[in-house]
Amino acid sequence: SQTIHQWPATLVQPVGSPLSLECTVEGTSNPNLYWYRQAAGRGLQLLFYSVGIGQISSEVPQNLSASRPQDRQFILSSKKLLLSDSGFYLCAWSPGAGRVTGELFFGEGSRLTVL
Amino acid sequence: RKEVEQDPGPFNVPEGATVAFNCTYSNSASQSFFWYRQDCRKEPKLLMSVYSSGNEDGRFTAQLNRASQYISLLIRDSKLSDSATYLCVVRPNFGNEKLTFGTGTRLTIIP
């Protein structure tokens, strides 16, 4: 069966510090991968998605970046965090092109507080 | 206009009652529709897909109205465990791997 792991679960970072969130998927190959952010009282905002290694699409301008160094690994990074980066970050996967069901499978999320 | 709009609630409903939520979407070409459930401080999980002819899964019924561009979720005989936030989700078109989420409708079932 497929599983998705995301870490760390919780982190508190000072403004201006770097960020790295990591997500891995097991039990499938060539998944589509996503990073979403959910700010307090707001809906899920798609930040990045990837349909293959090294292929990243950015949805909103921001000081975050994403990388996909391996097929089932997706990393969200920032060089300098802003207060507005606080939120609940969710990694998700879906079957790749040709195997689309429309369902996203989410990791357990990473709750980031920037102070 | 937001791509996907939902009444944020909260809906406070007595146990055993029936409750319904609506969600409107702006892109008339949207192809796929879903309801997700999100428990407090947890990740969203798929509740059910929404098919053109409407579909039912136990106490849950989902319907799609393409002419008016809205989908609905009906929960019958509500249980305490139904308390959660319900997210309306739309996929713009086949082959588009992005899903657009509504902000969610918060439901609390009262004993």
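Keep in mind that this is a model prediction, so the values were computed, not measured.

Colleague: Please explain the overall build of chain A as it appears in this structure.
Modeller: Helix and strand content of chain A: 0 helices and 11 strands. Element order for chain A, N to C, with α for helix and β for strand: β-β-β-β-β-β-β-β-β-β-β. Computed over its C-alpha atoms, the radius of gyration of chain A comes to 14 Å, within 12% of the 13 Å expected for a compact globule of 115 residues. Based on the C-alpha atoms only, the size of chain A along its principal axes is roughly 40 × 25 × 20 Å. When each of the 115 residues of chain A is scored for burial, the buried share is 49%. Contacts in chain A between residues at least 24 apart in sequence constitute 56% of all its contacts with a sequence separation of at least 6. Accessible area for chain A stands at about 5,400 Å²; split by element, carbon and sulfur atoms hold 53% of it. Treating the 8 positive side-chain charges of chain A as one cloud and the 7 negative ones as another, the clouds have centres 8 Å apart.

Colleague: How should I be thinking about the pattern of salt bridges in this particular structure?
Modeller: Close approach of charged atoms allows side chains with opposite charge to pair. Residue and element names in this part refer to chain B. Enumeration according to the criterion identifies 6 salt bridges over all chains in this entry. The closest approach of N and O atoms between aspartate 82 and arginine 59, which form a salt bridge, is 2.8 Å. Of this pair, aspartate 82 sits in the loop between strand 8 (70-75) and strand 9 (84-91) while arginine 59 sits in the loop between strand 6 (55-57) and strand 7 (60-65), and the two are 23 residues apart along the sequence. By relative accessible area, which is 2% here, aspartate 82 ends up buried. Across the salt bridge formed by lysine 79 and aspartate 77, the nearest N and O atoms sit 2.9 Å from each other.

Colleague: Even after reading the chapter, I still don't get the packing of aromatic side chains, so can you show me in this structure?
Modeller: Remark: the centre distance and the inter-plane angle together describe each pair of aromatic rings, the angle taken between the planes. Under the counting rule described, the total for this entry stands at 12 aromatic pairs over all chains. Measuring from centroid to centroid gives 5.5 Å for B:Tyr36 and B:Phe101, while their planes differ by 65°, and the two rings are edge-to-face. Highlighted residues: B:Tyr36 in strand 4 (residues 32-38) and B:Phe101 in strand 10 (residues 100-101), separated in sequence by 65 residues. B:Tyr36 sits in the buried class, given a relative accessible area of 0%. In this structure an aromatic cluster arises from ring pairing among A:Tyr34, A:Tyr36, A:Tyr49, A:Phe106, B:Tyr36 and B:Phe101. Here the guanidinium or amino end of A:Arg111 rests over the ring plane of A:Phe88, the centre of that ring lying 4.1 Å away.

Rules used in this analysis
- Here the residue numbers are simple positions, counted from 1 along each chain's written sequence.
- Chain letters start at A and ligand numbers start at 1, both assigned in the order the entries are written.
- Only residues with pLDDT of 70 or above have their local features reported here, since the model is predicted, and side-chain atom pairs are shown and tallied only from 80 upward, although totals for entire chains, interfaces and linings are computed over all residues.
- Side-chain calculation: all heavy atoms of the structure are included, whereas hydrogens and water are not.
- Secondary structure counts use DSSP, requiring at least four H or I residues in a row for a helix and at least two E residues in a row for a strand, with both numbered from the N terminus.
- We take the radius of gyration over the C-alpha atoms and set the globule estimate at 2.2 Å times the residue count to the 0.38 power.
- Each residue is assigned to one of three classes by its accessible area relative to the maximum for its type, calculated with a 1.4 Å probe on protein chains only: buried under 20%, partly exposed between the two thresholds, exposed over 50%.
- It only takes one pair of heavy atoms within 4.5 Å for two residues to be counted as in contact.
- Only the protein chains shown count as covering a residue, and every accessible area follows the Shrake-Rupley method with a 1.4 Å probe.
- All tallies of charge rest on Lys and Arg as positive and Asp and Glu as negative; His and the ends of each chain are not included.
- A charge is said to be at NZ when it belongs to Lys, at CZ for Arg, at CG for Asp and at CD for Glu.
- Note on definitions: salt bridges are taken to be side-chain nitrogens of Lys or Arg within 4 Å of carboxyl oxygens of Asp or Glu.
- Stacked, edge-to-face and tilted labels apply to pairs of Phe, Tyr and Trp rings (six-membered ring for Trp) whose centres lie within 6.5 Å, assigned for plane angles under 30 degrees, over 60, and everything in between, in that order.
- Whether a charge sits over a ring comes down to the Lys NZ or Arg CZ being within 6 Å of the ring centre and within 35 degrees of the ring normal.

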